Structure formats: structure tokens, C-alpha cells
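# A structural walkthrough
Here is how the chains run, residue by residue.
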Amino acid sequence: MTQALLSVRDLVVEFPKRKTRLTALDKVSFDIHPGEILGMVGESGAGKSLTGAAIIGLLEPPGHIASGEIWLKDQRIDQLPYDQMRRLRGKRIAMIFQDPLTSLNPILTIANQLIETIQTHLPLNDKEARARAIQLLDEVGIPAASKRIDDYPHQFSGGMRQRVVIALALAGEPELIIADEPTTALDVSVQAQIIDVLKRMCHVHKTAVMLVTHDMGVIAEACDRVAVMYAGRIAEIGEVRQIVKQPQHPYTQGLMGSIPSITERVERLTQIPGSMPRLDAIPTGCAFNPRCTQKIDRCTEDRPDLIATDQGQVSCWLYEGDKP
Amino acid sequence: MTQQVLLEVNELSCHFDVSKPWLNRMIEREPQRFLTAVDQVSFSVNRGETFALVGESGSGKSTIAKLIVDLIHPSSGDIRFDGQSLPNTRGEAFKTLRRRIQMIFQDPFASLNPRWRVGDIIAEPIHAFGLAKSQVEVTRTVEELLDKVGLAGRDRHKYPHEFSGGQRQRIAIARALSAQPDFLVCDEPTSALDVSVQAQILNLMRDLQDEFGLTYLFISHDLSVVKHMADRIGVLYLGSMVENSPSDQLFKQPAHPYTRMLLDAIPDHEMSGRRRKQVTGEIPSPIDPPSGCTFHPRCEFANAKCKQQRPAVHETQGSLVSCWASEEGRIATITG
Ligand SMILES: Nc1ncnc2c1ncn2[C@@H]1O[C@H](COP(=O)(O)OP(=O)(O)OP(=O)(O)O)[C@@H](O)[C@H]1O
Ligand SMILES: Nc1ncnc2c1ncn2[C@@H]1O[C@H](COP(=O)(O)OP(=O)(O)O)[C@@H](O)[C@H]1O
Ligand code: SF4
Ligand code: SF4
Ligand SMILES: [Mg+2]
Ligand SMILES: [Mg+2]
């Protein structure tokens, strides 16, 4: 097996509060390989965005990494000084956010923004950088790129803007792209196009992608493997087909059943009772135990770590002793 | 016997004035400009059923919702509720009609007054429409409603910010029900919620529909949600209803090329192996829509006639379709 491009090990992120501290990410571990798209799913507040922010060193203080390690190939990056981290961002790791407008400067043309980003990362003169910019726009599917490059962001539709953001992310030829809900603000029809671009880029450039989304459709379509997050922990990781067709963790099972089907109509959707706990009220033992219909005695006392099964990894006591 | 049709929308249109201010227009010699958000839309909703509106962003879904609950006035056309014309009824009669139609919005954060206690929010329609004789009765009704939507009676003392998104949507539903409506207009009621919370709310809405015999106009851009909820579905494109079909029919045999395009674009989250097709082009500007059939620039079946003449509605196998190719039998029906 090839070396992982990104390795996250037992990552803990905390927010100190006046009297206590909130543990927002609790021993999160996963790998992403070159050319692989790893999906991160979970309901809002599960910790998906924080995981991305921790990796690129953009946690909002007082939030900080309390323990654990993050490796980009052979380099440990969770303790890098600010300057080195800044150079890494955009160059080796790029970010794509939900709202394309937050990543684009409204008063600069697309050309200005792309050329500047390209020249920050690559030693190209203006003419070369412009040619590269047009090539990038072309790659992400902007028709008549050489004509449209001098337009301003507001002259583009939402879907086109998100393509430009992807082009910007690709400008430094990064090894890892963290895409946080990149299609959530777009119509399904446009969503399909953007996912296609991401997949193609990942395939062509062997970029590793961490795709954060709460949309299972996007996951099923784009990802190779998926990590399911619940209350700041990883509930389950596995091949996307396994997770969709045969989820192992009781939470994932509930989550899959709650999605309305397009092929058959059921009277009632599966419903997980209750709601995800707030950070200041995470139960002891398995964080899912108050909502779990399969819980056993030790679930309320001991916290399950990720257990390897023949289908992936799952943090649930039901699978203990199942090791292949 | 009561009439089967509860809501009937006839040739409804809504134009927005999107001109620059008068002075700029004079200086720049620009004409007044109008945006057609809803263009001669007709459909009817049977009592106890769920009619869904689908379409891409900007297709006019929310505008139709606002027209029905009288938040905006139609430019032309009529809306008849239980046989009475909404735009032409005034006074007490209108107040009664208006009570019977309530609305639930997408954003459960914005639709509840943050400074009011939940009990007061839910009680407001009860007071406004004089539906209780005493304060004791108001309180009892509020507690019953909270219980019906899966919250606790004592939650009436709390403020909206103390609740999660899903719980706030439950409060919004309780508030809508407190007016004792028979018709609920639901504009993307679960779009802001996570799928697991969405499942809870959709189940609740189904239960309430059965219990109170409610009729729903259900708006969503998520076709799998619509399939789960709707009896009939209207597909909107640039303000026009291009297809109006029974739900099963629409998914089995979509008649309009745009409906097919929407269905093909649904992500295959069940990994059934269905191939998702690329969508070509984007929705054009509603200020300057294409001639003839407004879908023609994106349609693989478009011909010269499509570019010139707006297609009329025709009926095929229970579907109402506006498309020349469908009417002329130029589209092979897909069976699936
Ligand atoms: N007050 C207004 N003034 C001018 N144009 C408007 C106004 N309200 C809506 N529109 C326009 O009317 C069209 C239909 O808008 P509407 O909000 O009904 O779309 P929608 O189908 O609900 O979209 P979405 O899925 O994004 O909610 C859009 O082009 C919109 O920009
Ligand atoms: N600046 C912050 N201060 C305190 N808590 C935070 C902060 N940012 C995020 N959190 C909390 O961390 C948890 C995970 O957040 P996030 O990663 O944004 O979730 P997701 O992206 O999965 O929706 C949530 O409970 C959130 O409220
Ligand atoms: S560890 Fe126990 S409570 Fe947690 S998911 Fe597994 S069975 Fe349920
Ligand atoms: S009328 Fe013509 S352009 Fe319009 S949808 Fe039908 S075939 Fe396509
Ligand atoms: Mg997030
Ligand atoms: Mg809307």
C-alpha cells in the first residue's frame, strides 16, 4: 500500500471555557491517500469543519489542538510555526469553502486573482501565469475561458464561481484539497457538474481530497471512502459502498435509513430518537448511547475506540472481538 | 358533500418591477424592466392531498407560496380556496379564509420572534383569530399543540434560542396549527435541517396530516423528499409549470424534457448503479427569458417551432405537459 498523504492521529481539539473546557474533536484518526477522495459526513456540529480547520491550522482561538498528530507525508504539520504553515496553505494544501463569494474578491477580475495566486506559488512571469490561468479555467469547465477571464465574480453564476474557486485551489498544484460543503449552496443540477470537476482533478493530478458534506448523495457519488462523525468522534470509516449498503455503526444505520429513497416509497422514514448532544453534555461511554437501540451494559461506561472489522473501522462495542 | 378540490390556482402571474430608479432611467434612457417570477401558472390541490412544487433556484416556488398566503399580490390570475377567490375577497370573509391557510418557512431561525416566549408565539394566532374563550383555554391549547409536535408543555416558558433547528421547526408547525387551518403551505420546511432531523419532521408532518386531515402545498428542491411526501408534483421552470403529474407517474415516466433532466441529475445516494447524467447549461435570466419555449436553449429535442411558439398544455396519461415534442410524439417514452 502506498504511503498515506495525510495522516491524522488521535486528534483532540479543545475550546477552553471559563470553568471547563469543551472537547470538540475527541481522538479523531484517519488517513487519506494520493488520488483518493475521503468523505466526511455527520450532522451539523459533529466536527467536520473543525477537522478541516485543524489540518490547515486555521482553528479560531481559543480553540486549539490539545493532543494528537497530523502528518503530511513525512512532515508533521500540527506544530508548525505560523509562517511555515502559511506557506503550506495554498501550496501543498488548498481549501474550498461552501460559499464561493467568500473566497473571491468582488473588486478584482478573475484574471487578477488567479494570476496572483499562481505567482505566489509558481515561478512564472505575467504572460505565463495568464496562460496557466486560462488553462486552469478551461480544466474546470468554464466555456470560452480566454474571453471570460477578465470578468468580475458577480458576472458569473453560482456554479461558475465555484468552478473559479476550484481553479484557484488548483493554482498551487496542491497535494491535498480540503473542500468544506463545496456544493451545498448549489442546485442539484450544478452540483453534479462541480462533483465531476473535483473527481476529474483528483484523478488527473493525484490530489488527495477531504470532502466535507452532510449530503449522502454527494458522498455516494464522489468518494472512495467515508468517515462518519458523531459528537466530535469518528463513528465509522469504510469504503463508501459498504457504508451506504451495509452500515455497521448503529448511528450510521439510522442515518442511512432516514434518507428518503428515490426508488421506493416507504410509509415512514427511519427515525433516530432524540438529537446529537451539545459539547457540554456528551454522555460518558459511547457518545451515541442514549439514542442507541442496540446498547449493551458497558456502552454507558466505556468509550469504544475504532475497532478494525473486515469492512473497515467502527467505534462500537458490538464489534469487539470481530477482528479479522 | 364537500368539494374535492380545496385550492385552485388559475393562470396566476406575478411580475416584479426591477427597473433602476426613475432618475437613473431617465439619464441612461433605459426602459422600465420587469421580471416574470410566475408566468400563467395553473394547478389544483385536492383536499387531504400533498401537492409539491419543484424546480431549480429562482424558478418561482417561493413566489407562488407567497401569492397563496397573500404576502404579495398577483399581477393577474386567480387563486380560489374552497370555492372563494382569495384576491377578490375582503373583510371578515377574507380573515376566515386566511386563517384556514397557514405557512411554514424554510428558516426556523428567522421565522420565530426571538424576544417572545414559545407559548406566546404559538398563542398569537389563537388571539388574532379569537379561537379561545379564556386564558386558561389558550394555555391548554398551547400545551396540547406542543405535545402534538413532540415537545413538552412546559417548553412554552422558553425562548426560541433555547431550541435546536429541528425543535424550532416543530414550534413553527405548532404555531401554524394553532390557527386551526386546513391548508399548510410549506416552503422548504426541512432544507435547513440535517437528514436525521429531516426524517423526524417529515414523519411528524405525515402524522399531523392524517390526524387533522390537512392539505399541503409542499415546496422543495430535493426530489427524494418530494417523492416521499407528494401525491402530485408540479415542475417549475423560469416561472412556468412545465409538467404537473401524479408523483408515481412523474418518477416512472417523466414527460417533459426538463423533468427528465432534473431526475437524471439526482445523486444516486443508494448506489443502485443508476448513472447520473451531466446537466447542460444553466437556468437563463428571468428578466430576459428565451423566446418560445423558455427551455429551448437547454433542450435536446428543441426545433424551430420550439424557439418561436410557446407550447400549450396538453394531457398525456394523467400528466399535464407543456412541450411540443411531447405533444407531437417526438419523445420516446422511457419505461423504467
Ligand atoms: N421582491 C422581488 N423583487 C424582484 N425579483 C424577485 C422578488 N422576489 C423574487 N424575485 C425573483 O423571482 C424569481 C423567482 O423567485 P423565487 O424566490 O420564487 O424562487 P424559488 O423557486 O423559491 O427559488 P429558491 O429555490 O432559490 O428558493 C427569481 O428570479 C427571483 O430573483
Ligand atoms: N469558535 C468556537 N467556539 C466554541 N465552540 C465551537 C467553535 N467552533 C466550533 N465549535 C463547536 O465545535 C463543534 C463542531 O463544529 P463544526 O466542526 O463547525 O461542525 P460541522 O462542520 O460538523 O457542522 C460544534 O459543537 C461547534 O459548536
Ligand atoms: S457502543 Fe453501544 S451505544 Fe454505542 S453505538 Fe455501539 S451499541 Fe450503541
Ligand atoms: S417545447 Fe421544444 S424546447 Fe421546449 S421542452 Fe419541448 S421540445 Fe424542448
Ligand atoms: Mg461545517
Ligand atoms: Mg424559495
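One can find the structure itself at the top, above this paragraph.
Basis of the calculations
Residues numbered from 1 in each chain as written. Chains lettered and ligands numbered in written order. Predicted model: local features only at pLDDT ≥ 70, side-chain atom pairs only at ≥ 80, totals over all residues. Heavy atoms only, no water. Helix = DSSP H or I, 4+ residues; strand = E, 2+ residues; numbered from the N terminus. Rg over C-alpha atoms; globule rule 2.2 N^0.38 Å. Contact = heavy atoms within 4.5 Å. Areas by Shrake-Rupley, 256 points an atom, 1.4 Å probe, with all protein chains shown as cover. Lys, Arg positive; Asp, Glu negative; His and termini not counted. Charge placed at Lys NZ, Arg CZ, Asp CG, Glu CD. Buried < 20%, exposed > 50% of the residue type's maximum accessible area, 1.4 Å probe, protein only. Core = buried A, V, L, I, M, F, W, Y, C linked by side-chain atoms within 4.5 Å. Expected span 1.5 Å × (residues − 1). Patch = residues over 30% accessible without salt bridge, like charges linked within 9 Å, V, L, I, M, F, W, Y side chains within 5 Å. Salt bridge = Lys/Arg side-chain N within 4 Å of Asp/Glu carboxyl O. Near = heavy atom within 4 Å. Nonpolar A, V, L, I, M, F, W, Y, C, P; charged D, E, K, R; others polar. Polar contact = N/O pair within 3.5 Å; in protein donor to acceptor, adjacent residues only side chain to side chain. Phe/Tyr/Trp six-rings, centres within 6.5 Å; stacked < 30°, edge-to-face > 60°.

To continue, consider the overall build of chain A. Across its full length, chain A carries 11 helices and 12 strands. At 21 Å, chain A has a C-alpha radius of gyration in line with the 20 Å of a compact globule built from 324 residues. A separation of at least 24 residues holds for 62% of the contacts in chain A among residues at least 6 apart in sequence. Surface summary for chain A: the accessible area is close to 14600 Å², and the carbon and sulfur share equals 50%. Positive and negative side-chain charges of chain A, numbering 36 and 40 respectively, have mean locations separated by a distance of 3 Å.

Scanning chain B from terminus to terminus reveals 12 helices and 12 strands. Here the C-alpha radius of gyration of chain B, 22 Å, is about what a compact globule of 336 residues would show, namely 20 Å. Expressed along its principal axes, the backbone C-alpha trace of chain B runs to roughly 70 × 60 × 45 Å. Counting across all 336 residues of chain B, residues that qualify as buried make up 52%. Counted over contacts in chain B with a minimum sequence separation of 6, partners at least 24 positions apart contribute 65%. Approximately 15200 Å² of chain B is accessible, and the part contributed by carbon and sulfur atoms is 49%. In chain B, 38 side chains carry a positive charge and 41 a negative one; their mean positions are 2 Å apart.

One finds Leu6(A), Phe30(A), Ile55(A), Ile93(A), Leu137(A), Leu176(A) and Leu211(A) to be the most contacted residues of the largest nonpolar core, which totals 103 residues. The element contributing the most residues to this core is helix H7 (residues 158–170) of chain A, with 8 residues. For Leu137(A), the residues in contact, after removing those within four places along its chain, are Ile110(A), Leu114(A), Ile142(A), Ala145(A), Ile149(A), Val164(A) and Ala167(A). Counting residues in each nonpolar core, the second largest holds 36 residues, with Ile104(B), Leu112(B), Ile171(B) and Ile173(B) among its members.

This part is about helix H5 (residues 135–148) of chain B. Residue pairs spaced three or four apart in an α-helix point in one direction, given the helix's 3.6 residues per turn. All names here are of chain B. Over its 14 residues, H5 extends 20 Å from the first C-alpha to the last, a length consistent with the 20 Å expected when each residue adds 1.5 Å. What H5 keeps buried is the set Glu 137, Val 138, Val 142, Leu 145 and Leu 146. Buried residues along H5 sit in contact with helix H4 (118–128) and helix H6 (165–177). One or two residues past the end of H5 sits Gly 150, with phi positive at roughly 90°.

We now examine a nonpolar patch on the surface. Together, Trp22(B), Leu23(B), Met26(B) and Ile27(B) make up an exposed nonpolar region whose accessible area comes to about 480 Å². Among the structural elements, Leu23(B) can be located in helix H1 (residues 22–28).

Further remarks concern the site of ligand 4. Around ligand 4 sit 13 residues, and of these Cys293(B), Cys299(B), Cys306(B), Cys323(B) and Trp324(B) come closest. Partitioning the shell around ligand 4 into residue classes produces 11 nonpolar, 2 polar and no charged.

Checked against the element boundaries, Asp194(B) lands in the loop between strand E7 (183–187) and helix H7 (195–212). For the buried Asp194(B), no salt bridge exists, and the shortest N-O distance to an oppositely charged side chain is 5.6 Å, to Lys48(A). A distance of 2.7 Å separates a polar atom in the side chain of Asp194(B) from the backbone nitrogen of Ser44(A). Those residues in contact with Asp194(B), other than ones at most four positions away along the chain, are Gly42(A), Glu43(A), Ser44(A) and His214(A).

Here we come to the packing of aromatic side chains. In this structure the tally under the stated criterion is 8 aromatic pairs over all chains. Between Tyr251(A) and Phe288(A) the ring centres are 5.4 Å apart and the planes differ by 65°, which places this aromatic pair in the edge-to-face class. Separated by 37 residues along the polypeptide, Tyr251(A) in helix H11 (residues 250–257) and Phe288(A) in the loop between H11 and strand E11 (307–309) bring together distant segments of the chain. Of the two residues, Tyr251(A) and Phe288(A), both sit in the buried class. An angle of 70° between the planes, with centres 5.3 Å apart, marks the rings of Tyr258(B) and Phe295(B) as edge-to-face. Of this pair, Tyr258(B) sits in helix H10 (residues 257–264) while Phe295(B) sits in the loop between H10 and helix H11 (304–308), and the two are 37 residues apart along the sequence.

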